[in-house]
Amino acid sequence: MHALPLPETFDRKAVAQFAQTLMDHRGGDAVLDASAVTRMGVPAVELLVAARKQWLVDGHSLRISDASAAFLSTLDDIGVSLDLLHAEAPA
Amino acid sequence: MDEFREMFFVECDELLEGLANGLRTMEAPNFEKETVHAVFRAVHSIKGGAAAFGLTTLVTFAHRFETLLDLIRSDRMDTPPPIIALLHRSSDCLSDLVAAARLATEADQSRVDALLAELDALIDDDDGPADTSFEFTPITLDFNAAPAMAPAAGLQVQMKPTFDLYRSGNDPLALLAALRKLGETTVTLRTDGVPALADWSIERPQLGWDIRIAGAVTEADIRSVFEFVDDCCTLSISAIADEPATETFLPLEVAVPGPAAAEPQPADVAAAPAAAPAVNRPAPPLAEPAQGATIRVGLERVDRLMNMIGELVIKEAMLSQVIQTAGLHESPDVVAGLDSIRQLAGDIQESVMAIRAQPLKLVFQRMHRILREAADATGKPVRLVTIGEQTEVDKTMIERLIDPLTHMIRNSVDHGLEDAVTRQRRGKPQEGTITLSAAHRSGRVQIEISDDGGGINRPKVRQIAEDRGLIAPGSNLSPSEIDQLLFLPGFSSKDEVSALSGRGVGLDVVRREIMALGGRVMIDSVEGKGTTFAIALPLTLAVLEGMLIQLGDQTMVLPITAVQETLQPDQSMLHGVGQGSQLLANRGELIPIIDLCQTFGLDEPESEGGVLIVVESDSRKRAAFRVDGIFDQRQVVIKSLEQNYGRVPGVSAATILGDGKIALIIDPEEIILSLSNDHGRHMAAMASNG
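Bear in mind that the values here come from a model prediction, so they are computed numbers and not experimental data.

Q: Please explain the overall build of chain A as it appears in this structure.
A: Within chain A, the regular secondary structure consists of 3 helices and 5 strands. Its helices and strands in sequence order give chain A the pattern β-β-α-β-β-α-β-α, from N to C terminus. For chain A, buried positions account for 57% of its 91 residues. In chain A, 78% of the contacts between residues at least 6 apart in sequence involve partners at least 24 apart. Here chain A displays about 3,500 Å² of accessible surface, and carbon together with sulfur accounts for 50% of that area.

Structure, rendered in structure tokens:
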């Protein structure tokens, strides 16, 4: 499965653009590659939460792979763990 | 009293929208329990309001409906598809009853009775709603009423930023970091309000935090952190002993099973929140978001404001003209003053447009019901996927889109999708999918209705067109030109089409309605894969950004959204073809040149000079318009030509210029479409003329 790379600077501007990218990839399982993220704001996390819910509703899986240190650090600061941004498709 | 009654019905609209949304969410296998609660609350609120106004039919139905929902929320009833279908039908019926009560008309009682019988069959009559007071009494947070905090075990902060916080360049991360400096903190993210992506908008942030700060921290310490952003977020501070009862947090500390072993989780209750307090604790002041003060304003007042702004734009243009004539246009003070007025007028116009803008969700939501009814009528299993529901368009357009979209959805179910048996034979899922999407694209709103059916049967379409004398037998038509034949008046007829979509209304009427909104309808169909109808609409019906062009002694306006580039070509870029036709060689592409003077029957200039404007239509076709000159770009107020004069081919509307003269607004799509003399294409162009 092709992994969608998350923006390096995942700020408010990038969130608006990436939301559309995510919408374009609805309807199937998806992997988000977080390896390049060097900076991330709260709106980006909210987008990922919304995406998780969408994938759950759609019945597909959504996973985040290769999370960078900056990505994980931001999640830690915000108070959410990586696992809780994952959606698993129904068996 | 009438005012309160009307307010109740307006609230009903919102509750019914929430109800329909919730029921659709419940179609998914792993919907959250909170969804059922929300659905229950919506029905219960409608019932409560209806009782206050003595609307007994509405109360009776809502009561039975909520009783069934109560069984579901208390896990005494599952929600297999037949139950979900019944809930949808009950929601539709409730909506009809609200509409009937609003208009003081009679509802279809036989339908109500039939549904009540279905509901009663499922409900034990002794089981009323268990607790109708439930948890929906709104509690408003009052900062001033917050008790003096003893710092004993520490304090708990609930914080939810509004979009203003982000817009002002702040980030909650900085606030969280500042709070961490006050003592040992436990940060828990609240995601309960975050909708699924399709309904999500960055401008309506929903994340919130529950932050516990241990130790001798004071309320004043905490407030100092929020000193400069206290109007950009909702804030609640309480002693830790008063921590809130909540079931919907995503606690950081919770150990969750690895994804491979994890059960599919409801979106918000992703894990049993070990850190979350017991549910039966006394509820503290809830940090519900202050949604911002709102007022309801009559549409006619907004319309009047919009009209006045239209006049302001015209007056500004006139003033600009006068200044030019008086030779003051080079005075820096005058130029600066005029620019300020222009900027202000633009800002006011945008602000009013924002007031009038409404999400397409209001239309899309109705389509779920249309689809259900169409699926029932045809016996075809269909699901509707909606994308981009939050895309906003002018309110006028919202109302006028309902009929065309209704027809197109019915058309897609009836004619687009194959029946279940055929689909199975073709290796497709038995359930067809219709996707309704919306997005802003290049200054326009694009709405698409796609089906995954068999695609347009072009030989059949061609045959029908020939049989009805719409095209000459054996006409040389491309696939897209054949598709355009569907829009010809008289293509569909009552004796041919089904009772569902063929109610004497053809796609020609749909196209005419869309064109009346300044829009276009395009078709893209792939055999065996399906058909997409795309509607491109302007953002507003009031003004457009236009390029003022000279054609002979006439000034006309070309919508800027269609313009790709302007150029004064070398002779080497021009190539003659056929009789008097020319092509422009530009960036490796050959583009047909259309002389607009010729198109509009104006005197052509003696020289071959002029300027070429490369335009692209909504259907991605390009042409280069030859004009005598370009002399300005500005916003113009759209005035309907059809209402005031009549239909002019190649012209979509008119405007009033600064000198008081009328200028026609060119319709590039129509001109490009009528480029060919081919009969079929000409007919299609005529169809687009309405």
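That was the structure; now back to the text.
Q: What's the story with the nonpolar core in this structure? I'm lost.
A: Counting residues in hydrophobic clusters, the biggest one holds 63 residues, and the most contacted among them are A:Phe10, B:Met159, B:Trp209 and B:Phe226. No other element matches the 10 residues that helix 2 (residues 42-58) of chain A contributes to this core. Discounting chain neighbours no more than four positions away, the residues touching B:Phe226 are B:Val157, B:Met159, B:Leu175, B:Leu179, B:Cys233 and B:Leu235. In terms of nonpolar packing, the next biggest core, distinct from the first, is built from 48 residues, B:Leu371, B:Leu417, B:Val521 and B:Leu537 among them.

Q: I'm lost on the pattern of salt bridges in this one. Help?
A: If the charged atoms of two oppositely charged side chains come close together, the side chains can form a pair. Residue and element names in this part refer to chain B. All chains considered together, the criterion is met by 31 salt bridges over all chains. Salt-bridge contacts for Glu-34 lead to Arg-41; the nearest nitrogen and oxygen are separated by 2.6 Å. Between Glu-431 and Arg-383 there is a salt bridge, with its nearest N and O atoms 3.9 Å apart. Note that Glu-431 is positioned in the loop between helix 13 (420-425) and strand 9 (432-441) and Arg-383 in strand 7 (residues 382-387), a separation of 48 residues in sequence. Residue classification places Glu-431 among the partly exposed residues on the basis of a relative accessible area of 37%. Classification of Arg-383 as partly exposed rests on a relative accessible area of 42%. In the salt-bridge network here, residues are joined through shared partners; they are Asp-92, Asp-96, Arg-111, Arg-369, Arg-372 and Glu-373.

Q: Would you take a moment to explain the pairing of strand 22 (residues 651-656) of chain B for this structure?
A: Two faces make up the sheet, and in a regular strand the side chains alternate between them. All names here are of chain B. Relative to strand 23 (residues 662-666), strand 22 is paired through 5 bridges, and the arrangement is antiparallel. Along strand 23, the bridge assignment pairs Ala-653 with Ile-665. Linkage of strand 22 to strand 23, two consecutive antiparallel strands, is achieved through a turn of 5 residues, within which Gly-660 is found at a positive phi near 90 degrees.

Q: How should the packing of helix 4 (residues 81-103) of chain B against helix 5 (residues 109-122) of chain B be read in this particular structure?
A: Think of two packed helices as two axes; the pair is described by the angle between the axes and how far apart they sit. Residue and element names in this part refer to chain B. In contact at an axis separation of 11 Å, helix 4 and helix 5 are set at 140 degrees when each is read in the N-to-C sense. It follows from the interaxial angle that helix 4 and helix 5 lie oblique. For the pair helix 4 and helix 5, the sense of crossing is left-handed. Within the contact between the two elements, helix 4 uses Ile-83, Leu-86, Arg-89, Ser-90, Asp-92, Cys-93, Asp-96 and Leu-97 and helix 5 uses Arg-111, Val-112, Leu-115, Glu-118, Leu-119 and Leu-122. Its residues assigned to classes, the contact of helix 4 with helix 5 comprises 8 nonpolar, 1 polar and 5 charged.

Q: Before we go on, may I ask you to explain the sheet that holds strand 10 (residues 444-451) of chain B in this structure?
A: Sheet strands pair by backbone hydrogen bonding; their relative direction is either parallel or antiparallel. Residues and elements named next belong to chain B. Read across the open sheet, the 5 strands follow the order 7-9-10-12-11; overall the sheet is mixed. Across the chains shown, the open sheet's two edge strands, defined by having one partner strand only, are strand 7 and strand 11 (520-526). Each adjacent strand pair in this sheet contributes to an overall mean axis angle of 15 degrees, direction not counted.

Q: Would you take a moment to explain the packing of aromatic side chains for this structure?
A: Geometrically, a pair of aromatic rings is defined through the distance of the ring centres and the angle of the planes. Residue and element names in this part refer to chain B. A complete count under the given rule lists 4 aromatic pairs over all chains for this structure. Plain terms: the ring middles of Phe-8 and Phe-9 are 5.1 Å apart, the flat faces sit at 50 degrees to each other, and that makes the pair tilted. Overall, the relative accessible area of 6% leaves Phe-8 in the buried class. According to the relative accessible area criterion, Phe-9 is buried, its value standing at 1%. If you follow Arg-73 out to its NZ or CZ, it ends over the ring of Phe-40, 3.9 Å from the centre. Here Arg-511 stacks its cationic end above the ring of Phe-487, 4.0 Å away from the centre of that ring.

Q: How should the interface of chain A and chain B be read in this particular structure?
A: Taken residue by residue, the interface counts 36 residues in chain A and 45 residues in chain B. Summed over both sides, the interface of chain A with chain B buries roughly 3,300 Å², with 69% coming from carbon and sulfur. Inspection of the region where chain A meets chain B yields 0 salt bridges. Inspection of the region where chain A meets chain B yields 10 residue pairs in polar contact (both at pLDDT 80 or more). Of all the secondary structure elements, the ones that give two or more residues to the side of chain A that touches chain B are helix 1 (12-24), helix 2 and helix 3 (69-78) of chain A. No other element matches helix 2 of chain A, which puts 14 residues into the side of chain A that touches chain B. Residues belonging to the side of chain A that touches chain B are distributed by class as follows: 20 nonpolar, 6 polar and 10 charged.

Q: I'm lost on the confidence of the model for chain B in this one. Help?
A: Low-pLDDT stretches of the model should not have their predicted coordinates read in fine detail. Residue and element names in this part refer to chain B. When pLDDT is averaged along chain B, the result is 77, and 81% of the positions lie at 70 or above. In this model residues 125-151 is a low-confidence stretch, pLDDT under 50, and it forms 46 contacts with partners more than four residues away in sequence or in other chains. Low pLDDT, under 50, characterises residues 677-690; the stretch is placed with 31 contacts to residues that sit more than four places away or in other chains.

Q: Would you mind going over helix 3 of chain A with me for this structure?
A: It helps to recall that an α-helix has 3.6 residues per turn; residues three or four apart then point in one direction. Looking only at helix 3 of chain A, the buried set comprises A:Phe71, A:Thr74, A:Leu75 and A:Ile78. Viewed end-on, helix 3 of chain A has its buried residues packed into an arc of 100 degrees, placing them on one side of the element. If you follow the buried residues of helix 3 of chain A, they end up packed against strand 4 (39-40), helix 2 and strand 5 (62-65) of chain A together with helix 7 (172-180), strand 2 (185-190) and strand 3 (208-213) of chain B. Backbone geometry just downstream of helix 3 of chain A places A:Gly79 in the positive-phi region, at approximately 100 degrees.

Reading the values: rules and limits
Residues numbered from 1 in each chain as written. Chains lettered and ligands numbered in written order. Predicted model: local features only at pLDDT ≥ 70, side-chain atom pairs only at ≥ 80, totals over all residues. Heavy atoms only, no water. Helix = DSSP H or I, 4+ residues; strand = E, 2+ residues; numbered from the N terminus. Buried < 20%, exposed > 50% of the residue type's maximum accessible area, 1.4 Å probe, protein only. Contact = heavy atoms within 4.5 Å. Areas by Shrake-Rupley, 256 points an atom, 1.4 Å probe, with all protein chains shown as cover. Core = buried A, V, L, I, M, F, W, Y, C linked by side-chain atoms within 4.5 Å. Salt bridge = Lys/Arg side-chain N within 4 Å of Asp/Glu carboxyl O. Pairing = 2+ DSSP bridges. Axes fitted to C-alpha atoms, helices over the stretch in contact; angles between N-to-C directions. Parallel < 35°, antiparallel > 145°, perpendicular 65-115°, else oblique. Left-handed = near helix turned anticlockwise from the far one by under 90°. Nonpolar A, V, L, I, M, F, W, Y, C, P; charged D, E, K, R; others polar. Phe/Tyr/Trp six-rings, centres within 6.5 Å; stacked < 30°, edge-to-face > 60°. Lys NZ or Arg CZ within 6 Å of the ring centre and 35° of its normal. Buried area = accessible area lost by both parts, 1.4 Å probe. Polar contact = N/O pair within 3.5 Å; in protein donor to acceptor, adjacent residues only side chain to side chain. pLDDT = per-residue confidence, 0-100. Arc of directions from axis to C-beta.

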